[in-house]
Amino acid sequence: MITSTLRRVLLVAKHASFQSRCCVASSRVQYSTVYDSNEKTFDKILIANRGEIACRVMKTCKKMGIKTVAVHSDVDASAVHVKMADEAVCVGPAPTNKSYLNMDAIMDAIRKTGSQAVHPGYGFLSENKEFAKRLAAEDVVFIGPDTHAIHAMGDKIESKLLAKAANVNVIPGFDGVVEATRVILWGKGMRIAWNDDETREGFRLSSQEAASSFGDDRLLIEKFVDNPRHIEIQVLADKHGNALWLNERECSIQRRNQKVVEEAPSTFLDPETRRAMGEQAVQLAKAVQYSSAGTVEFLVDSNKNFYFLEMNTRLQVEHPITECITGLDLVQQMIRVAKGFPLLHKQEDIPINGWAIESRVYAEDPYKSFGLPSIGRLSQYQEPINLPKVRVDSGIQEGSDISIYYDPMISKLVTYGATRAEALQRMEAALDNYVIRGVTHNIPLLREIITHPRFISGDITTNFLPEEYPEGFKGHQLTSEGRRELVATAAALYVSAQLRSQRFLGNLRVSTTPQEQRQWELCVELEKGSHTVAVSRSGSTFTVEVDGVKVEVSGEWNLASALLPVTINRTPRVLQCLSRDAGGDITLQYLGTQFKVRVLSQLVSTLSAHMPEKVPEDTSSILRSPMPGSVVAVSVKPGDVVAEGQEICVIEAMKMQNSLIAAKAAKVKSVHCKAGETVGEGDLLVQLE
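Residues numbered from 1 in each chain as written. Predicted model: local features only at pLDDT ≥ 70, side-chain atom pairs only at ≥ 80, totals over all residues. Heavy atoms only, no water.

Going by the annotation in an unreviewed UniProt entry, the name recorded for the protein chain is Propionyl-CoA carboxylase alpha chain, mitochondrial, with Oncorhynchus kisutch given as the source organism. Regarding the protein chain, the UniProt comment filed under Cofactor (unreviewed entry) reads as follows: "biotin". In its Subunit (unreviewed entry) section, UniProt records this for the protein chain: "The holoenzyme is a dodecamer composed of 6 PCCA/alpha subunits and 6 PCCB/beta subunits. Interacts (via the biotin carboxylation domain) with SIRT4. Interacts with SIRT3 and SIRT5." (UniProt positions renumbered as here; feature names shortened; annotations may be inferred.)

Written as structure tokens, this is what we have:
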């Protein structure tokens, strides 16, 4: 006789294979999709999205034997998700409201291709109840919850009231729609307001951003929970009344209320708090008759009190880390539920196996407000998927363009380990081995975060970045040992290049040269400091004396490779040589950060001291665009007198509005932009006298 417990175990082994197949079958994919051929779902699914999430959904569909349809804008015609799909349909020009948010065009694509179901991914139409209604009206399955749940949880005000009714802890606040600034002068929100002026400005900018992104400018006001953690619970529910919580994800590392690094599980939760949060998340899901994968987000204070923040009725960006620690393929589960199948698992079947960390790799400049968008073409791109237990979810390839029209995410880099320390070590290696050229990226910030002592200890809140970098992110700060390592590696690289230039087809170019040089006296300039170094060579190993300390650097010195793996004083490192020229200028990526180094012979160093220096531009009298984007508003005209800190104009980039202010009190000399114009990074906007 087979007991119910044993039957569940057999089902787990058949359909999910939690432990044996999680994170060991492939270095690229860190979850298991075991397709049951007797379980008929759909013949063809249209993915109403783009980029990495469209590719992610297609991977599972292909494993399940389901044909896929991609939709794309005209500028995305050669995108990876378009190439991956079985069919593709253009739904309009680049702007999202004319393509990926164009319901009429997407409905036409569904009819044209005969798609039976639509997976919306995240963003765009994923939480749009009108889209779900239109699909239902044409008997097309929406792979997500029904319109009631989307509406109930999509409205931040209504969702809070429903959470209260379901006995879910909520943040005290104003229960209603904020219609004027006078209503919220006492309040605080996603834009934190500490005084009346900040409240008025936050109300204006937040309303504009909401209208631009969602077509809804209503605002919600809540008490500001100081020093909170952002911890969310993944839920999974079917159409038969079953609902599970699949553990938590820690999402406290944020900039501008957007997540940067996530991990599962959280270092902060004990089993009792985890269970309480999970049970409340399931209570809420059942209260709205939720059926699909969804996420209930909480703020957690230092005493482990937790408060409902919102419910995302879609697949979450950071879902891969849950897949790593549970072994469940959430996309597969969503497809099964949408078709009407019951869940295969019980709550006691859901494990926490190991630890997973996700870094969101963006085309952003981390030195500007922890990340302002960057655009460009990926001239060189190499994912670190050769490393063990590394997963990269991306929708780009070498040659892809990062444009102003869409989110600047390059990929989601995920590492998995038996312990948190192991997952962190793998993340460090993965970031060092990730090659991204052609756009500015945030790998310097990501690497500094995951190696920061405070992050390693687990002592984090949503204020981590502003607290640890109050003057803004400045990149990796070199220690004296780190400086010697970098100087020595640059010197060794310079000598390797010199030696290679003396040879042709393995032979010395000048046959009369008696023998190769084995010792060099060089000058290495780094961060306004100059170091006289002595270099000696033995095979592929260089001994470099820097400031009286000998540093041994060895490696293959393949100057054509994007990666530069070396061993420095018996410590393995992976650097990247981003550029070098005949004048001795070398840019190295070391410990995630780019450093400009100049290596010169002693003679050239002496002569260069007589060269004139370029006078830097006076930036206090000019305002340049810090990012590519579109001008939303210009608040001044020539002749106006502005105060220091006064708003000059507003630039929108990747759905975020950024207020640019005057660096000093002065009269406006000239204005070089107007509302509606597109500007590039560094473009002159306003000039002051």
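*Asks:* Hey, could you run me through the sheet that holds strand β26 (residues 541–546) in this one?
*Replies:* Working definition: the strands of a sheet are paired by backbone hydrogen bonds and lie parallel or antiparallel to each other. Strand order in the closed barrel formed by eight strands is β24-β25-β26-β27-β28-β29-β30-β31, and the pairing between neighbours is antiparallel. Taking each pair of neighbouring strands and ignoring which way they run, the sheet shows an average axis angle of 35 degrees. In this structure, strand β30 (residues 585–590) lies alongside strand β31 (residues 593–601), joined through six bridges in antiparallel fashion. Residue pairing across strands places T587 opposite K596, the latter belonging to β31. (Pairing = 2+ DSSP bridges. Helix = DSSP H or I, 4+ residues; strand = E, 2+ residues; numbered from the N terminus. Axes fitted to C-alpha atoms, helices over the stretch in contact; angles between N-to-C directions.)

*Asks:* Just checking my understanding: could you explain unusual backbone geometry for this structure?
*Replies:* Trans peptide bonds make up most of the peptide bonds, and negative phi angles are found at most residues other than glycine. Here A264 and P265 are connected by a cis peptide whose omega angle stands at 0 degrees. Examined against the element boundaries, P265 turns out to sit in the loop between β10 (258–264) and α9 (271–287). With phi around 55 degrees, K389 is a residue other than glycine that occupies positive phi space.

*Asks:* Can you walk me through the pattern of salt bridges in this structure?
*Replies:* Where charged atoms of side chains with opposite charge meet at close range, the side chains can pair. Considering all chains together, one arrives at 39 salt bridges under this definition. The partner of D197 in a salt bridge is R200, and the shortest N-O contact between them spans 3.4 Å. Placement of the pair is D197 and R200 together in helix α8 (residues 196–214), with a separation of three residues, close to one helical turn. For R200, a relative accessible area of 41% corresponds to the partly exposed category. When the shortest N-O distance is used, the salt bridge between R249 and E232 registers 2.7 Å. Of the two residues, R249 sits in strand β9 (residues 243–255) while E232 sits in strand β8 (residues 229–237), which places them 17 residues apart along the sequence. (Salt bridge = Lys/Arg side-chain N within 4 Å of Asp/Glu carboxyl O. Buried < 20%, exposed > 50% of the residue type's maximum accessible area, 1.4 Å probe, protein only.)

*Asks:* Looking at this structure, how should I read the environment of K368?
*Replies:* Looking at the secondary structure, you find K368 in the loop between β14 (364–365) and β15 (372–373). Through-space distance from the C-alpha of K368 to that of M627 is 9.1 Å; in sequence the pair is 259 residues apart. Ignoring sequence-local partners within four residues, the contact set of K368 consists of P626 and E681. (Contact = heavy atoms within 4.5 Å.)

*Asks:* Would you mind going over helix α4 (residues 103–113) with me for this structure?
*Replies:* Structural remark: α-helix, 3.6 residues per turn; residues separated by three or four positions point the same way. Among the residues of α4, those classed as buried are M103, A105, I106, M107, A109, I110 and T113. Where α4 is buried, its residues touch β1 (44–47), β2 (67–73), β3 (87–92), β4 (117–119) and α5 (129–137). In the stretch just after α4, G114 is the one whose phi turns positive, near 70 degrees.

*Asks:* What is the right way to look at the sheet that holds strand β35 (residues 647–653) in this model?
*Replies:* Reading across from one edge, β36-β35-β33-β38 is the order of the four strands in this open sheet, with antiparallel pairing throughout. Two strands in the sheet have a free side with no partner beyond their single neighbour: β36 (656–661) and β38 (678–679). By the bridge criterion, four bridges tie strand β33 (residues 629–634) to β35 in an arrangement that is antiparallel. Residue pairing in the sheet places A633 in a bridge with V650 of β35.

*Asks:* What is the right way to look at the confidence of the model for the protein chain in this model?
*Replies:* Predicted coordinates in areas of low pLDDT are best not read in detail. Across the protein chain, pLDDT averages 89, with 89% of residues at or above 70. Taken as a whole, residues 1–29 scores under 50 in pLDDT and shows 54 contacts with residues more than four places along the chain or in a different chain. Segment residues 180–189 is flagged for pLDDT under 50; beyond a separation of four residues in sequence, or across chains, it makes 24 contacts in the model. (pLDDT = per-residue confidence, 0-100.)

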